[in-house]
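Examining the three-dimensional arrangement
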Amino acid sequence: MKKIILTVVALSAFGFANAQNKKESNLGFSKGDVFVSGALTFGSDSKISNYKQDNFVFAPSVGYFVTDNIALGVNLNLGSGSVQATSSSGTNKTSTFAAGLAGRYYFTPASQFTLFTELGVALGSIKSTPAVGNVTKVNSFGVALAPGLNYFVSKNFSLETKIAVLSYVSAKGDWSGAENASSVRFGGDWSAVSFGVNYKF
């Protein structure tokens, strides 16, 4: 009898401690949480004949949970690149800028693992400065619907992946006679799956 009582007490204590640790771990999201993520990349490539290529991308994003299930966010994308074909040729340069808004719905936000769906809109531009010729700019507008998943590895850090399944992009150059180009895509492009890390405050 004494062994049974001790076993019950031990199991109760373990269950309480486990529940307490789970509660204190604070995994998942809830109303009022803020999370940040983004990308910072730099690359340089050189080959024979003095070929050289450089690129830089800075793409931060911030999200805020207005309810337990819904998060709103802003995204920025700043980039630059340059290509020099030979030592005697000039350098072709590009610069990019994009800003967007996104809304997400998380199905089980308070869990360590959750699925979400995101609807985002963005405005962007690409400026091209060739070594010879005129400077041109292409302005674009895009809308995308992307499902994804989020997995917490600690109470502050989570891993994330998503893929666009429906998107619309419209773009037009600023030169005379430029025509508007638009595209609609449906279906997951598995070569364009994105991965990231989020930090929750």
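All of these numbers come straight from a predicted model, not from anything done at the bench. (Residues numbered from 1 in each chain as written. Predicted model: local features only at pLDDT ≥ 70, side-chain atom pairs only at ≥ 80, totals over all residues. Heavy atoms only, no water.)

**Here we look at the overall build of the protein chain**
For the protein chain, the count of helices and strands is one helix and ten strands. Secondary structure elements in the protein chain, listed N-terminal to C-terminal, are α-β-β-β-β-β-β-β-β-β-β. Of the roughly 13200 Å² of accessible surface on the protein chain, a fraction of 64% belongs to carbon and sulfur atoms. (Helix = DSSP H or I, 4+ residues; strand = E, 2+ residues; numbered from the N terminus. Areas by Shrake-Rupley, 256 points an atom, 1.4 Å probe, with all protein chains shown as cover.)

**Concerning the nonpolar core**
Taken as a class, soluble globular proteins show a tendency for nonpolar side chains to be buried jointly. Listed in full, the seven residues of the largest apolar core are Phe29, Phe35, Phe65, Ala71, Tyr106, Phe116 and Phe152. Once residues lying within four places of it in the same chain are set aside, the contact partners of Phe29 are Phe35, Phe65, Tyr106, Pro109, Ala110, Asn150, Phe152, Ser158 and Lys200. (Core = buried A, V, L, I, M, F, W, Y, C linked by side-chain atoms within 4.5 Å. Buried < 20%, exposed > 50% of the residue type's maximum accessible area, 1.4 Å probe, protein only. Contact = heavy atoms within 4.5 Å.)

**Regarding the environment of Asn198**
Within the secondary structure layout, Asn198 lies in strand S10 (residues 194-200). Under the relative-accessibility criterion, Asn198 is labelled buried at 2%. The sequence separation of Asn198 and Tyr151 amounts to 47 residues, and the corresponding C-alpha distance is 9.7 Å. Not counting residues within four places of it along the chain, the set of residues in contact with Asn198 comprises Phe35, Val36, Ser37, Asn150, Asn156, Phe157, Ser158 and Glu160. A distance of 2.7 Å separates the side chain of Asn198 from the side chain of Glu160, its partner in a polar contact. (Polar contact = N/O pair within 3.5 Å; in protein donor to acceptor, adjacent residues only side chain to side chain.)

**Some thoughts on the pattern of salt bridges**
With the rule as written, the count across this model stands at three salt bridges. One salt bridge connects Lys162 with Glu118, and the closest N-O pair in it is separated by 2.8 Å. Taken together, the positions of Lys162 in strand S7 (residues 157-162) and Glu118 in strand S5 (residues 113-129) put the pair 44 residues apart, joining distant regions of the chain. Owing to a relative accessible area of 22%, Lys162 belongs among the partly exposed residues under this scheme. On the basis of relative accessible area, Glu118 is assigned to the buried category, the value being 11%. (Salt bridge = Lys/Arg side-chain N within 4 Å of Asp/Glu carboxyl O.)

**Looking at the packing of aromatic side chains**
If you walk through the whole model with that rule in mind, you get ten aromatic pairs. Consider the rings of Tyr106 and Phe116, whose centres lie 5.2 Å apart with planes at 35°: the pair is tilted. A residue pair is termed long-range when its members are at least 10 positions apart, and Tyr106 in strand S4 (residues 91-106) and Phe116 in strand S5 qualify at ten residues. This pair shows no difference in class: Tyr106 is buried, exactly as Phe116 is. Counting every residue linked through ring pairs, the aromatic cluster contains Phe29, Phe35, Phe65, Tyr106, Phe116 and Phe152. A cation sits over an aromatic face here: Arg104 above Phe116, 4.2 Å from the ring centre. (Phe/Tyr/Trp six-rings, centres within 6.5 Å; stacked < 30°, edge-to-face > 60°. Lys NZ or Arg CZ within 6 Å of the ring centre and 35° of its normal.)

**What about the pairing of strand S8 (residues 166-173)?**
Within a regular strand, side chains alternate between the sheet's two faces. With eight bridges joining them, strand S6 (residues 136-152) and S8 adopt antiparallel strand pairing. Bridge assignment links Val138 to a residue of S8, and that residue is Gly173. Across six bridges, S8 lies against strand S9 (residues 181-186) in antiparallel orientation. In the strand pairing of S9, Tyr168 is matched with Val184. (Pairing = 2+ DSSP bridges.)

**Points about the confidence of the model for the protein chain**
Do not read the predicted coordinates in detail wherever pLDDT is low. On average, the protein chain scores 84 in pLDDT, and the residues at 70 or more come to 84%. This stretch, residues 1-24, has a pLDDT under 50; its non-local contacts, to residues over four places away or in other chains, come to zero contacts. (pLDDT = per-residue confidence, 0-100.)

**Quick word on the environment of Val132**
Relative to the elements of secondary structure, Val132 occurs in the loop between S5 and S6. Judged by relative accessible area, which is 77%, Val132 ranks as exposed. Put simply, Val132 and Gly90 are 42 residues apart on the chain and 7.5 Å apart in space, counted from C-alpha to C-alpha.

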